[in-house]
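Observations on the three-dimensional arrangement
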Amino acid sequence: MSENVGDWSPEELEKNGQLLLSQLREHFSTLGNQPVTTQRSAQEIRALLDEPLPDAPQPFTEILSQTWDDVRPNLTLWNHPRFHAYFSNSSSGPAILAEMFTAALNVNVMLWDAAPAAAAVELTVLDWLAQMVGYTVAQDSVLVDGASLGTLYGLAAAREHLAGLDIRQQGLAGRDVPRLRIYTSDQTHSSIDKAAITLGIGLDNVVRIPADPDGRLDPDALRERLERDERLGYRAMAVVANVGTTSVGAIDPVEEIAEICAAHDTWLHVDAAYGGFWRLAPQVGPQLPDLSRADSLVANPHKVLMCPMEASALFCRHRDALTNTFRVVPEYLRTRHEDGSVDFMNYSLQLGRQFRALKLWWLIKSFGVSGLTDRLSAAAALAEGLRDRARSDPDWVVENDTPFPLVCLRYQPHDQELDPRDVDELNRRIHRAVNEAGGSFVSHTVVPSGYAIRVSIGNIHTTEADIHALWAELTTAARRCAVPRTREGSTR
Ligand SMILES: Cc1ncc(COP(=O)(O)O)c(C=O)c1O
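These lines cover the structure that appears in this document, whether it is placed above or below. (Residues numbered from 1 in each chain as written. Predicted model: local features only at pLDDT ≥ 70, side-chain atom pairs only at ≥ 80, totals over all residues. Heavy atoms only, no water.)

**Section: the sheet that holds strand E4 (residues 235-242)**
Here we have 7 strands laid out as an open sheet, ordered E1-E7-E6-E5-E4-E2-E3, and mixed in their pairing. With one partner strand each, in any of the chains shown, strand E1 (140-144) and strand E3 (206-209) form the two edges of the open sheet. When strand polarity is set aside, the average angle formed by the axes of neighbouring strands in this sheet is 20°. In this sheet, strand E7 (residues 312-316) lies alongside E1 in antiparallel orientation, the contact comprising 5 bridges. Bridge pairing in E7 links Asp140 to Cys316. The strands touched by helix H10 (residues 254-263) within the sheet are E4 and strand E5 (267-271), with E5 carrying the most contacts at an inclination of about 160°. (Pairing = 2+ DSSP bridges. Helix = DSSP H or I, 4+ residues; strand = E, 2+ residues; numbered from the N terminus. Axes fitted to C-alpha atoms, helices over the stretch in contact; angles between N-to-C directions. Contact = heavy atoms within 4.5 Å.)

Below is the structure:
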């Protein structure tokens, strides 16, 4: 028999683990001085990392140095203190180590018997998260990889909840089923469209109602559309309301929408993927609506709670809503039931499930709610500082009105009459220049005035000095990119 069998010995694991930890120590000590993103082309990165399938074993030291030298510098570093794109999230020490422990245990949290204490930790964590998000009415809940799947599952439960249709059993095809529709604002995340595609609802039946200028769903427009569609024979399967839209962080009037849903006997799904956990921050929490009338709700620890990627919580107000939608138990997965046991495989499409709750358990315990609150509050204060700087500069406009630390900025020189398309182009160039310089990394959106530079603040490493640096980079890039006036007085 070959000698090349078996895992690393426990001693080798410790030795290599220490090596890794000391590299991570260097990574975090120097992170702020690294470029946030790479300037290498896709072709160059592919060429760098394209190699033949290795036949012979390689020493871990070599693998680690290749990862350090070739992979790490060719990433966009989401954990970087000046990463402000998309939704700026970060991982934190306790959760990073928990991921390692999770892999070491490698339990599969599908059935209670398969991972008893892991399922118990997941239940505890879900209860804690529900408290943090202000949704203590949750009866059915589960951790999933992201809000896109959480929303798919929430909307699947909504479809199952429709009286008299029994779609789970009988399907949609070839039956006299009314045309089902989902109502939401035109600012809603594309995950709603993907859910409609997957559930057989169809994109034509996602009714996107134009939002108001601040990005909020207009309840009157929703009511009118529901009434009109009812008269035409459509059946409202769900309304999706946002707590923190992706573009500008808008908050829909959830309480009013809940009234409308009740009047139309329609499921209310709340997408609080981004906004949910900001309730902890004292500057934000009081401005958030009561969510308790939502039938289902998603909120993402991996967007806000200093938790590494893939952690999202799906909650339902109705007991068994998820299990009545997804429970299928073949013989080989039949196990004994005892009081208190939970089989998470029945709460979503996923059968094999990692012990995702551990990283949340470790980080919530390590920081405590008070520590998380302080960190989120600090991020909200940094965003307020950036807004103040922009508001006091006559050439910049803060384009969004949100309590979240999401700042949409547009450079608009106050002493020049520019065509809005020129202003769009100018902001596009500023955006590109900032990202290419490598000091900070921002993304963009389009608001009613046009192209805006979008700055999300929420990274655990970000400090006042980073926001100061970002502002200097934005204003320098704006000066450099500013459109020169031609002799005729027009711009180009
Ligand atoms: C408002 C909102 N909902 C849902 C999602 C999807 O989240 P995930 O990436 O966890 O699937 C996003 C992603 O950015 C989002 O901004």
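**Structural notes on the sheet that holds strand E8 (residues 396-398)**
One open sheet accounts for 4 strands, arranged E8-E9-E11-E10; its pairing is antiparallel. A strand with exactly one partner marks an edge of an open sheet, and here the two such strands are E8 and strand E10 (443-447). Taken pair by pair, the neighbouring strands of this sheet meet at an average axis angle of 40°, ignoring direction. Summarising the sheet, E8 and strand E9 (residues 406-411) pair through 3 bridges and their orientation is antiparallel. Each bridged residue has a counterpart across the sheet, and for Val398 the counterpart in E9 is Leu409. Those strands touched by helix H13 (residues 357-391) are E8, E9 and strand E11 (450-456), and its axis lies near 15° from that of E9.

**Topic: the site of the ligand**
Among the 13 residues in the neighbourhood of the ligand, the closest are listed as Ala147, Ser148, Thr246, Asp271 and Asn300. Between the ligand and Asn300, the relevant distance is 2.8 Å, taken from an oxygen atom to a side-chain nitrogen or oxygen of the residue. Between an oxygen atom of the ligand and a side-chain N or O atom of His302, the distance comes to 3.1 Å. For the ligand, the protein covers 84% of the area, taking 390 Å² as the surface of the free molecule. Of all elements in the fold, only helix H6 (147-161) and helix H11 (301-304) reach the threshold of two or more residues within the shell around the ligand. In the shell around the ligand, the residues fall into 3 nonpolar, 8 polar and 2 charged. (Near = heavy atom within 4 Å. Polar contact = N/O pair within 3.5 Å; in protein donor to acceptor, adjacent residues only side chain to side chain. Areas by Shrake-Rupley, 256 points an atom, 1.4 Å probe, with all protein chains shown as cover. Nonpolar A, V, L, I, M, F, W, Y, C, P; charged D, E, K, R; others polar.)

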